[in-house]
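# Residue-level structure breakdown
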Amino acid sequence: MVKILVIEDDELIRETLLQLLESQSYRVIVAQNGRVGIQMALSEVPDLILCDVQMPEQDGYEVLRTLRQNSLAATIPFIFLTAQGAKADFRRGMELGADDYLTKPFTKAELLGAISSRILKRQTITQPLTEALQQAEARLNDLVNDSTTASIVCPEKLALEALLRRALAQGEFQVYYQPQVDFASGQIIGAEALVRWQNPDRGIISPAEFIPLAEETGLIIPIGEWVLLSACAQAASWLAAGFSPFKISVNLSARQLSDPQLKARIVQILETTGLEPANLELEMTESALVENAAVAGATLNELKALGIRIAIDDFGTGFATLGYLKQFAFDSLKIDRIFVRNANEDAKNAAITTAVILLGHSLNMTVVAEGVETEAELAFLRENQCDIMQGYLFSRPEPAPIFESLLVADKRLLGSSLATVSTRVIPFVPLSDREKSKNLSISGLGLA
Ligand code: C2E
Ligand code: MG
Ligand code: MG
């Protein structure tokens with residue numbers, strides 16, 4: 001189904017367009033201002049965008065300029081809707097890369113005509129790519145089913161790479177959120193964003209399966225950018241809804257760390273989503289740092305200077321030496337789950353975990369335990385003054401709506417175990433106001 005994003009600050013016009021386009025069997029998503037529109041364009045990757053020109057804060061020109069600079073949204077057909085019919089305005093829109101310009105009032109036929117011609121043109125342009133992807137997919141299936149070709153790696157990789165590209169273009173990635181819980185207050189004080197690939201044929205594919213290839217091919221750059229944007233937008237919306245304190249942790253791979261554009265991309269994402277740098281934490285493994293230590297170190301310092309927090313992930317499992325803790329000023333240290341597992345009864349794990357907590361604290365770092373699965377591990381970590389826990393015991397990584405229900409229910413650690421506190425009233429603002437006003441009047445817009 002063709003997906004259309006409508007960016008319009010006037011609620012009546014927005015709802016009218018929504019009803020009209022839905023009646024024509026388009027899938028419609030709506031944004032009430034330019035900032036939300038940019039976020040939705042990048043997270044949903046629609047087939048076409050209808051955008052009002054005059055909006056407060058970020059106007060339609062600003063929206064288009066931002067999207068045309070972004071690899072994910074640069075080619076989405078973009079139609080301006082405006083009350084200004086002046087030639088100069090028209091030219092300005094076209095120079096920025098708009099595909100069409102409809103001056104209000106326009107007729108229903110004009111609107112639908114403009115939409116269908118743009119969608120037809122896009123389908124013609126993307127057709128060869130779709131065919132190539134279908135061939136690659138068929139090739140991948142052949143390889144998977146044919147045991148004699150098991151040793152041939154490259155064609156399979158090429159096919160998987162093509163599938164990854166398509167996944168990105170068609171919005172098959174999703175971000176899951178796993179709570180991080182503060183031992184002192186028992187509350188959820190943040191989340192780690194973990195990417196998932198929802199493949200139409202194979203279901204959910206874990207990052208362990210596709211991140212290494214994405215790294216190798218460089219696709220981790222646009223995928224990582226998309227994860228960062230989605231996670232920052234989501235965190236900003238939870239903070240705006242009153243869930244505070246809240247910090248979002250996002251994983252960065254080696255390739256992203258040596259990308260000279262990384263800082264600029266992150267600054268742009270923070271500006272677009274309105275998230276404060278202090279609410280963002282970037283996780284990197286020792287191995288990612290070792291791979292390109294000089295560039296990664298410089299990038300890391302620049303990001304820290306912006307006020308972003310930096311965490312060392314899977315601590316103790318990589319190739320780094322303790323010298324890295326001296327060289328880089330990390331804010332958090334995440335103890336890998338191989339050391340947390342059974343730390344309450346495994347003497348070696350107990351020794352390593354307690355030593356790492358002490359080390360982290362003496363270097364002024366917040367210590368996070370990963371992969372906490374049992375009440376006994378939880379009690380051990382609490383006793384040894386670990387700061388934050390993350391693990392299946394509290395919650396698995398979940399899609400945003402399920403994670404949000406944990407926030408709303410105020411699920412927390414109480415005493416030595418888990419509890420849901422239902423008495424706390426949270427000033428909750430729903431993420432989308434799309435549902436509430438579907439039955440508005442559709443008169444007075446000049447849509448005939
Ligand atoms: P990580 O950053 O160390 O993330 C924690 C992993 O541990 C997640 O696996 C999470 O689902 C899993 N986990 C959490 N609690 C438990 C537990 O109690 N028990 C067990 N057995 N596992 C637990 P996931 O989501 O499969 O991610 C695997 C790795 O893939 C991540 O390890 C991270 O290195 C990478 N990754 C995930 N998302 C991204 C991303 O957006 N960008 C990059 N560059 N890497 C990512
Ligand atoms: Mg991590
Ligand atoms: Mg980890």
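The present account deals with the structure reproduced in this document. Given the structure is predicted, the values throughout are model-derived calculations rather than measurements.

Okay, the sheet that holds strand S4 (residues 78-82) next. The sheet built from 5 strands is open, its strands ordered S2-S1-S3-S4-S5 with parallel pairing. Only two strands of the sheet have a single partner each, and these edge strands are strand S2 (27-31) and strand S5 (100-103). If you compare each strand with its neighbour and ignore which way they point, the axes differ by 20° on average. Relative to S2, strand S1 (residues 3-7) runs parallel, the two sharing 5 bridges. Bridge assignment links Ile4 to a residue of S2, and that residue is Val28. Against the sheet, helix H2 (residues 34-44) makes contact with S1, S2 and strand S3 (48-52), and its axis sits at roughly 145° relative to S2, the strand it touches most. Helix-sheet contacts for helix H3 (residues 60-68) involve S1, S3, S4 and S5, and the interaxial angle to S4 is about 170°.

What follows is about the coordination of the magnesium ion (ligand 2). Protein coordination at the magnesium ion (ligand 2) comes from Glu192 (OE), Asn251 (OD1), Glu283 (OE) and Asp313 (OD), with a distance range of 2.0 to 2.3 Å. The sequence pattern describing where the donors of the magnesium ion (ligand 2) fall on their chain is E-x58-N-x31-E-x29-D.

Below, the discussion takes up helix H15 (residues 347-362). End to end, H15 covers 23 Å across 16 residues, agreeing with the expected 22 Å (1.5 Å per residue, within 8%). Within H15, burial applies to Asn349, Ala350, Thr353, Val356, Ile357 and Gly360. Axial view of H15: buried residues confined to an arc of 140°, hence all on one face. Turned more than 90 degrees from where H15 packs its buried face, Ala347, Lys348, Leu358 and Ser362 sit exposed. Among the structural elements, strand S11 (309-315), strand S12 (332-335), helix H14 (337-340), strand S13 (366-369) and helix H16 (375-383) are those in contact with the buried residues of H15. Between the side-chain oxygen of the N-cap and the backbone nitrogen of Lys348 there are 3.0 Å, and the N-cap of H15 in question is Asp346.

So, on to the pairing of strand S7 (residues 188-199). Burial within S7 is extensive, with 11 of its 12 residues counted as buried. Pairing of strand S6 (residues 173-182) with S7 involves 9 bridges; the strand directions are antiparallel. Residue pairing across strands places Phe173 opposite Trp197, the latter belonging to S7. What sits between S6 and S7 in their antiparallel hairpin is a turn of 5 residues, with Gly186 showing a positive phi close to 80°. Looking at chain direction, S7 and strand S9 (residues 247-251) are connected through 4 bridges and run parallel. Looking across to S9, one finds that Glu192 is bridged to Ser249. Two elements, S7 and strand S8 (residues 203-205), share 3 bridges in a ladder whose sense is antiparallel.

Turning to the layout of surface pockets, a few remarks are in order. Once rolled over the atoms, a probe with the size of a water molecule shows which space is left empty. Approximately 1,200 Å³ is the volume attributed to the second largest pocket. In this structure, the second largest pocket is lined by 43 residues; those nearest its centre are Leu194, Pro207, Asn251, Asp313 and Asp314. Of the residues contributing to the lining of the second largest pocket, the split by class is 18 nonpolar, 13 polar and 12 charged.

The subject of this paragraph is the coordination of the magnesium ion (ligand 3). Protein coordination of the magnesium ion (ligand 3) is provided by Asp313 (OD), Asp314 (OD), Glu370 (OE) and Glu370 (OE), with donor distances spanning 2.0 to 2.5 Å. Considered as a linear motif, the donors of the magnesium ion (ligand 3) on their single chain read D-D-x55-E. The two metals, the magnesium ion (ligand 3) and the magnesium ion (ligand 2), are separated by 3.9 Å and share Asp313 as a common coordinating residue. Residue Asp313 is classed as buried on the basis of its relative accessible area, which comes to 5%.

Conventions we followed
- Residues numbered from 1 in each chain as written.
- Chains lettered and ligands numbered in written order.
- Predicted model: local features only at pLDDT ≥ 70, side-chain atom pairs only at ≥ 80, totals over all residues.
- Heavy atoms only, no water.
- Pairing = 2+ DSSP bridges.
- Helix = DSSP H or I, 4+ residues; strand = E, 2+ residues; numbered from the N terminus.
- Axes fitted to C-alpha atoms, helices over the stretch in contact; angles between N-to-C directions.
- Contact = heavy atoms within 4.5 Å.
- Donors = N, O, S within 2.8 Å, 3.2 Å for Na, K, Ca; no water.
- Expected span 1.5 Å × (residues − 1).
- Buried < 20%, exposed > 50% of the residue type's maximum accessible area, 1.4 Å probe, protein only.
- Arc of directions from axis to C-beta.
- Polar contact = N/O pair within 3.5 Å; in protein donor to acceptor, adjacent residues only side chain to side chain.
- 1 Å grid on protein atoms, 1.4 Å probe; cavity = no way out; pocket = protein on both sides within 12 Å on 5 of 7 lines; lining within 4 Å.
- Points joined across faces, edges and corners; volume = space filled by probe spheres on them.
- Nonpolar A, V, L, I, M, F, W, Y, C, P; charged D, E, K, R; others polar.

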